[in-house]
Amino acid sequence: MLRLLTQMIRTGKKTEPAPILEPIDEVGENLRNAIHTLYGGRMLRIRHVDAGSTNGEEFEMTALGNAYYDMERFGLSFVASPRHADILTVSGPVTRNMEHALKTAYEMTPKPRIVIAVGDGAIDGGIWKDSYAIVGGVKDVIPVDAEIPGDPPSPLDLLKGFLNVLQGARK
Amino acid sequence: MVASFFVASLILPLVAGVAALLLLRTKAGHMLTQLVFALGGLSGVVGATLFYASDGASTVVFHTALFSLVVGTLSVFFLGIISVGVLLTSLYALEGLRRYKSVYSLPWLAVASAFFIFGMQATVMASSVAGFLVAWELMSVAAYFLVIADGTEESLHAGFSFFIMAHIGFASLVAGFLLLSAGNPFAEWPEVALAAKTMTPATLSVAFSLLFIGFGSKAGLAPLHQWLPMAHPQAPSHASALLSGVMLKVALFGFIQSLFLFPSVPLSWGVVVLVVGLVSAFFGVLHAVVESDMKRVLAWSSIENMGLIFSGVGAAMILRTLPYEAGPVLASSIAIFVALHIINHFLFKSGLFMAAGVIVSEVHSRDMDIMGGLAQKWPIFSGVFLALALAAAALPPFGTFFGEWMYLQSLALALVGLPLPLSVVAGLVLAAVALVSGLAIVAFVKMFSSVFLGRARNEHAEHVGMMPMSLMWPPMVCAILSIVAGVLAFPFFSSHFMDGASIMQDVVIVQGASMNAWILWALIAGLAIIALLLARFLRVPVRITDTWDCGQPLTSRMEYTATGFSAPFRFFFRAFLVSRKEMIVTPISSENPWIANRRLEWSITSTWERLFYRPVGQALLRFAEYARKFQSGVVQMYLLFVVIALVGAFIFAL
Amino acid sequence: MTVTILILQFFLVLAAAPATVGIVRKIKARFQNRRGARITLPYWSLLSLLRKEMTITRHSSWVFRIVPFVVFGSALALAALIPSFAVGILAASMSNIFLVGAVAALGSAFLVFGGMDTGSTFGNMGSSREMTIASLIEPAVYVSLASLATLSGSWSLDGIALFFAASKWVEIILPASLTLVALVFVLLAENARYPVDNPATHLELTMVHEAMVLEYSGPYLAMLEYASWIKLTAMLMLVMNLVAPWGILTSPFALGATLIALVAFAIKLGVGAFVIAFIESTIVKMRFYRMQEYMSLALIVALGGLAISLVSIAV
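Residues numbered from 1 in each chain as written. Chains lettered and ligands numbered in written order. Predicted model: local features only at pLDDT ≥ 70, side-chain atom pairs only at ≥ 80, totals over all residues. Heavy atoms only, no water.

**Comments concerning the overall build of chain C**
Phase 1: Along chain C, the regular secondary structure elements total twelve helices and one strand.
Phase 2: Seen in sequence order, chain C has helices and strands lined up from the N terminus as α-α-β-α-α-α-α-α-α-α-α-α-α.
Phase 3: In terms of C-alpha radius of gyration, chain C reaches 19 Å, essentially the compact-globule figure of 20 Å for 315 residues.
Phase 4: Considering only C-alpha atoms, chain C reaches an extent of 60 × 45 × 45 Å along its principal axes.
Phase 5: Out of the 315 residues in chain C, the part that is buried amounts to 71%.
Phase 6: Put simply, 82% of the contacts in chain C that link residues at least 6 apart link residues at least 24 apart. (Helix = DSSP H or I, 4+ residues; strand = E, 2+ residues; numbered from the N terminus. Rg over C-alpha atoms; globule rule 2.2 N^0.38 Å. Buried < 20%, exposed > 50% of the residue type's maximum accessible area, 1.4 Å probe, protein only. Contact = heavy atoms within 4.5 Å.)

**Details of the overall build of chain B**
Phase 1: In terms of regular secondary structure, chain B is built from 24 helices and five strands.
Phase 2: Taken over the C-alpha trace, chain B has a radius of gyration of 27 Å; the compact-globule value for 654 residues is 26 Å, and the two agree within 12%.
Phase 3: Viewed in the frame of its principal axes, chain B has a C-alpha envelope of about 95 × 85 × 60 Å.
Phase 4: Summarising the internal contacts of chain B: among those between residues at least 6 apart in sequence, 79% fall at separations of at least 24.
Phase 5: On chain B, roughly 26,400 Å² of surface is accessible, and the fraction owed to carbon and sulfur atoms is 71%.
Phase 6: Averaging the positions of the 32 positive and the 28 negative side-chain charges in chain B gives two centres separated by 4 Å. (Areas by Shrake-Rupley, 256 points an atom, 1.4 Å probe, with all protein chains shown as cover. Lys, Arg positive; Asp, Glu negative; His and termini not counted. Charge placed at Lys NZ, Arg CZ, Asp CG, Glu CD.)

**Concerning the domain arrangement of chain B**
Residue and element names in this part refer to chain B.
Phase 1: Once the domains are mapped, chain B shows domain 1 (1–211 + 221–248) and domain 2 (580–653).
Phase 2: Here the C-alpha centre of domain 2 lies 32 Å away from the C-alpha centre of domain 1.
Phase 3: Counting each side, the surface lost to burial between domain 1 and domain 2 is near 460 Å², with a carbon and sulfur contribution of 66%.
Phase 4: Of all residues in domain 1, Pro-223, His-225 and Gln-226 give up the largest surface area on contact with domain 2, accounting jointly for 78% of the area buried on that side.
Phase 5: Counting every contact that joins domain 1 to domain 2 gives zero salt bridges.
Phase 6: In this assembly, domain 1 and domain 2 are joined by two residue pairs in polar contact (both at pLDDT 80 or more).
Phase 7: Grouping the amino acids of the side of domain 1 that touches domain 2 by side-chain chemistry returns four nonpolar, two polar and no charged. (Domains from an automatic or database assignment. Buried area = accessible area lost by both parts, 1.4 Å probe. Salt bridge = Lys/Arg side-chain N within 4 Å of Asp/Glu carboxyl O. Polar contact = N/O pair within 3.5 Å; in protein donor to acceptor, adjacent residues only side chain to side chain. Nonpolar A, V, L, I, M, F, W, Y, C, P; charged D, E, K, R; others polar.)

**A look at the sheet that holds strand S2 (residues 76–78) of chain A**
Residue and element names in this part refer to chain A.
Phase 1: Strands sit in the order S2-S1-S3-S5-S7 across an open sheet of five strands; the sheet is parallel. Of all strands in the sheet, those with a lone pairing partner are S2 and strand S7 (146–148), marking the two edges. Each strand axis lies, on average, 30° off the axis of its neighbour in the sheet, ignoring direction.
Phase 2: In terms of strand pairing, strand S3 (residues 87–91) meets strand S5 (residues 114–118) through five bridges, oriented parallel. Bridge assignment links Ile-87 to a residue of S5, and that residue is Ile-114. (Pairing = 2+ DSSP bridges. Axes fitted to C-alpha atoms, helices over the stretch in contact; angles between N-to-C directions.)

**So, the interface of chain C and chain A**
When the parts come together, some accessible area is lost, and that loss is often what is quoted as the size of the interface.
Phase 1: On the side of chain A, 38 residues touch chain C, which itself brings 33 residues to the contact.
Phase 2: Taken over both partners, the interface formed by chain C and chain A buries close to 3,100 Å², and the fraction arising from carbon and sulfur atoms is 54%.
Phase 3: Where chain C meets chain A, there are four salt bridges.
Phase 4: Among the elements of the structure, helix H1 (2–31), helix H2 (41–50), strand S1 (54–57) and helix H11 (255–282) of chain C are those that each provide at least two residues to the side of chain C that touches chain A.
Phase 5: It is H2(C) that contributes the most residues to the side of chain C that touches chain A, five residues altogether.
Phase 6: Along the lines of polarity and charge, the residues of the side of chain C that touches chain A split into twelve nonpolar, eleven polar and ten charged.

**Looking at the packing of aromatic side chains**
Phase 1: Summed over all chains, the structure comprises 58 aromatic pairs over all chains.
Phase 2: Ring geometry for B:Trp136 versus B:Phe215: centroids 5.4 Å apart, planes at 90°, classification edge-to-face. Here B:Trp136, found in helix H5 (residues 129–147), pairs with B:Phe215, found in helix H8 (residues 201–219); they are 79 residues apart in sequence, far enough to count as distant.
Phase 3: A relative accessible area of 0% places B:Phe215 in the buried class.
Phase 4: When the ring of C:Phe110 is compared with that of C:Phe113, the centres are 5.3 Å apart and the planes differ by 90°; the resulting orientation is edge-to-face. On the criterion of helical spacing, the pair formed by C:Phe110 and C:Phe113 is a turn pair, its members being three residues apart in helix H4 (residues 97–116).
Phase 5: Taken together, the aromatic side chains of B:Trp378, B:Phe381, B:Phe385, B:Phe448, B:Phe452, C:Phe110 and C:Phe113 make up a single cluster linked through ring pairs.
Phase 6: For A:Arg113, the ring lying beneath its charged end belongs to A:Tyr106, and the centroid distance is 4.0 Å.
Phase 7: In this structure, C:Arg129 is placed above the aromatic ring of C:Phe288, and the distance from its NZ or CZ to the ring centre is 5.0 Å. (Phe/Tyr/Trp six-rings, centres within 6.5 Å; stacked < 30°, edge-to-face > 60°. Lys NZ or Arg CZ within 6 Å of the ring centre and 35° of its normal.)

**Observations concerning the packing of H1(C) against H2(C)**
Residue and element names in this part refer to chain C.
Phase 1: Two numbers describe how H1 lies on H2: the axes approach to 7 Å, and their chain directions differ by 120°. By the angle between their axes, H1 is oblique relative to H2. Seen from H1, the contacting residues are Ala-15, Ala-16, Pro-18, Ala-19, Gly-22 and Arg-25; seen from H2, they are Pro-42, Tyr-43 and Leu-46.
Phase 2: The residue inventory of the contact of H1 with H2, partitioned by class, reads seven nonpolar, one polar and one charged. (Parallel < 35°, antiparallel > 145°, perpendicular 65-115°, else oblique.)

**Here we look at helix H6 (residues 153–180) of chain B**
Phase 1: For H6(B), which comprises 28 residues, the first-to-last C-alpha distance of 40 Å matches the rise-based estimate of 40 Å (1.5 Å per residue) to within 8%.
Phase 2: One or two steps after H6(B), the chain reaches B:Ala182, where phi turns positive at roughly 55°. (Expected span 1.5 Å × (residues − 1).)

**Thoughts on the environment of C:Thr20**
Residue and element names in this part refer to chain C.
Phase 1: Mapped onto the secondary structure, Thr-20 falls in helix H1.
Phase 2: Linking Thr-20 and Ala-266, residues 246 residues apart in sequence, is a C-alpha distance of 9.8 Å.
Phase 3: Aside from chain neighbours lying at most four places away, what touches Thr-20 is Leu-232, Thr-233, Leu-236, Leu-269 and Ala-273.

**Quick notes on the pairing of S5(A)**
Residues and elements named next belong to chain A.
Phase 1: Most of S5 is tucked away: five of the five residues are buried.
Phase 2: Burial of the side chains of S5 extends over both faces: Ile-114, Ile-116 and Val-118 are buried on one face and Val-115 and Ala-117 on the other.
Phase 3: Of the pairings in the sheet, the one linking S5 to S7 comprises three bridges and is parallel in character. What sits directly across from Val-118, in S7, is Ile-148.

**A short note on the packing of H1(C) against H11(C)**
Residue and element names in this part refer to chain C.
Phase 1: Look at H1 against H11: their axes get within 8 Å of each other, and the N-to-C directions meet at 35°. Where H1 crosses over H11, the two elements pack in a sense that is right-handed. Together, Leu-8, Leu-12, Ala-16, Thr-20, Ile-23, Val-24, Ile-27, Lys-28 and Phe-31 of H1 and Thr-258, Leu-262, Phe-265, Leu-269, Ala-273, Phe-274, Ile-276, Ala-277, Phe-278, Glu-280 and Ser-281 of H11 make up the contact between the two elements.
Phase 2: Each residue belonging to the contact of H1 with H11 can be placed in one class, and the counts come to 15 nonpolar, three polar and two charged. (Left-handed = near helix turned anticlockwise from the far one by under 90°.)

**Examining the interface of chain B and chain C**
Phase 1: Listed per partner, the contact involves 75 residues of chain B and 76 residues of chain C.
Phase 2: Taken over both partners, the interface formed by chain B and chain C buries close to 6,900 Å², and the fraction arising from carbon and sulfur atoms is 74%.
Phase 3: Those elements that provide at least two residues to the side of chain B that touches chain C are helix H14 (374–377), helix H15 (379–392), helix H16 (399–415), helix H17 (420–452), helix H20 (517–537), strand S3 (542–545), helix H21 (562–565) and helix H22 (567–572) of chain B.
Phase 4: It is H17(B) that contributes the most residues to the side of chain B that touches chain C, 16 residues altogether.
Phase 5: Class assignment of the residues belonging to the side of chain B that touches chain C gives a composition of 55 nonpolar, 14 polar and six charged.
Phase 6: As paired elements, S3(B) and S1(C) share four bridges and run parallel to each other. Considered in S1(C), the bridge of B:Val542 is made with C:Met54.

This is the structure we're talking about:
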């Protein structure tokens, strides 16, 4: 345990100052400000629904929680139940098997709620467009407020996407 | 005046029994019978009230040369409980029993109840050994007929083991009392006590053990407890309420009464009673946690509560014998716990049995695994049941909690000042009682949630009808009384532990801020007002949706059953529970053996069965094998045995 | 005056509760080489929950709706009864150890009802586990509190804290040390922290407390979360006040002492939160079916503590 602790101390904070070319902090700062003014709360809880994706989006979203991106510092967090969520993120084309699940998850998310389609698959079905196994994009199943394109979108794209949504919602 | 009320309460059940036989199976006959029972109960209640309102001196109720009935302070306490029990259960039976008129023969059931009630009252009032034993036996035999009332295989089996156990107990009671009264069966209690003064400690110990076995087997103490969870649930629910809520108390009464017959109580007896009580409480509550038959859970919980009461009696016996200055004070406060718990256990157990009877008659099963969702159908009744369940779990603000608090507090106070080894024992007892009370919470939380919460798991539970008011109010009265017991116990209690620093030197009163009972109630009321204000303030839109199911539609079969809820306990306490699992596979298709109907059957038996009952049974059988050799069937041989016996008797007599 | 101090303590715990969780999360983030959320975030999350809609399952009954109030009420009672900031105040003699234990048990029983009244397997599973933990930790709770009581000669938490504050630290900490360790076991188990439960998990199968509140939303969720934070804060402050009985407000209540007590409260809360975060960052969660080892260890430590207390008051 001692070795682990010294390791921790020696490693230091990884969040900053990483050699960033991407303006995470800047986007994040804007995001935080946007959240401030939106709910009166300064926190957004995200419930993610994988409606049939390749898991590419999930990898990128997981990366949001790591030491590098550390989305918690902007007031974003993932929650375990749609009943706790403010934002519903949906990835992948909506397969027939997941159609009901997506609908119930949407139904259970308390208002005000935002639905974001993450990735090309979620926007219009992506490379699976018109396949018999899918219902279509997310917007064919539940109302979508915003879309974040990319296959998969990078974590920064995700953050920017959230920012755009919130700025849009503010207006 | 007082005596006539008690005579009425004694005679009226018998009148009811006769009336039931005369009026046969008419509705009016049933109603009249139960009302006469209720009247008997009422006159008992009035008698007890008058008795305590007056000077409370012993009164002779009935007197003949052969035997007489006397009431004193102790017996009127128990008579009051019997009477309240009879009153509530017979009013409940007005409607509750009528639903089962095709199952039971109501007139004969009424006769059995009549003798049962008469037997209990006469047991408590009996003033001599013989009277006591006759009344006791009357009570046991009548209880046997209540157990087998529905005539099913299961009931007959349960009734048989009840009968055997009751008579083992009876035999040891007879032996114990005769030993104590120096062989005079007609001795009055004071004479017995006088006779006991001259006996050797060894004789007294044997007599005590016999009496403890006799009363303990009736009260459901381990290891002679196995019959109780079989027998009590088989009786009709109002009779189960009497059996569990009242008859066990009569056994306790017998035990406490016979304690006063002994000239002194050595330390070791108290230790035995304490340990047996704790062991019973532990096994009772453990089985209550893992059992999923609704009425059996209640029966196991009776074992737990009787165990706790007996452990309290044992602790009080120990504390009285020790040369320890705070001992008598603590012993008397534990005695108060015993008294409070007798009342509280009676209230919640009778209420729960009656409530369980309603549920069973609506759902058509005693299996909690297939109930559920009743709270949506019966909001008020579920509130009543919740109150009773919380009382049974000994949570505030119910009377049970205050009783157990008193017990725990007294045990904790006994830690200080006792010699070191004994105070460590007190610490262990404290831990055991805490474990038992923790597990009791599980048993009743499990019961309430699997019966009332979530979704219905069978058709009957889904389509239950309206709750008739006539069945709802007797349990409701029990629930209200247990809340009242909490409200009244608290001031009484606080004067003992909080203000009464002089009684309990160990209690530090800070700044004279005395523990005022009403502050706690004010706090609770204040919190409730805050909560209501919050509810007003937080008026947000509410939307009714399905349950969150992760996309796979939930059915009621996916819910945790009562069995599932207690799975961790079966695992953690597997050393004390022997569970037998069996997968029964019946093939459906002859071509493919994999297509089969699979059913899991499993049962839980107690370790007592393996370690105690089985070996004893086998030893008896082996003995019987030997004994069989004497049974040659030749008449001359039997005559020879008679002669040998006679000669032996003569030699012994000379 | 005591009423003022009581109200002050009550609202202090209420005000500090979200910050406690915020600090623990912040320190845990630091241990993971992250920056983590601001420690004020839990306040905002409560506020935003209060303004959201509620979605309630159709398979629930009236019990589901009273659960948040009872659980919250039990937490409020703990905040008032447990000596976290001052000793010797009005509610003091009500903080009898058995009463406090029973009030906490009432809260957990109702939380279990909430999890059972949804028809959801997750809620049921969380309820079953919570009930297991809450009941099996009971012996350790009462034995460790009773040994503190024997040591201090008082049966109220208030009197115990007062005794600790009045005694010499070196003399009191040795006989109480084992009991305090047992109390930390109890604290972690009662508040669903590591190694009993993972408060940050998103995987339903590893949940205990979180699984029971999955079906709650909006203000009800806020009440339940807030209740669990209040309980954590109050119990943490109790343990801290016994381990480090300095700066707690005792009578006579002067203004200067009150200020010092406020500072001490903040420092102790910070240190306590750090210790919890430290524990959670360095150990792993136990498998649920190994929980009886934890419970028996807690009980044995508590019994050892009791033995030491008994010996120390005997000599």
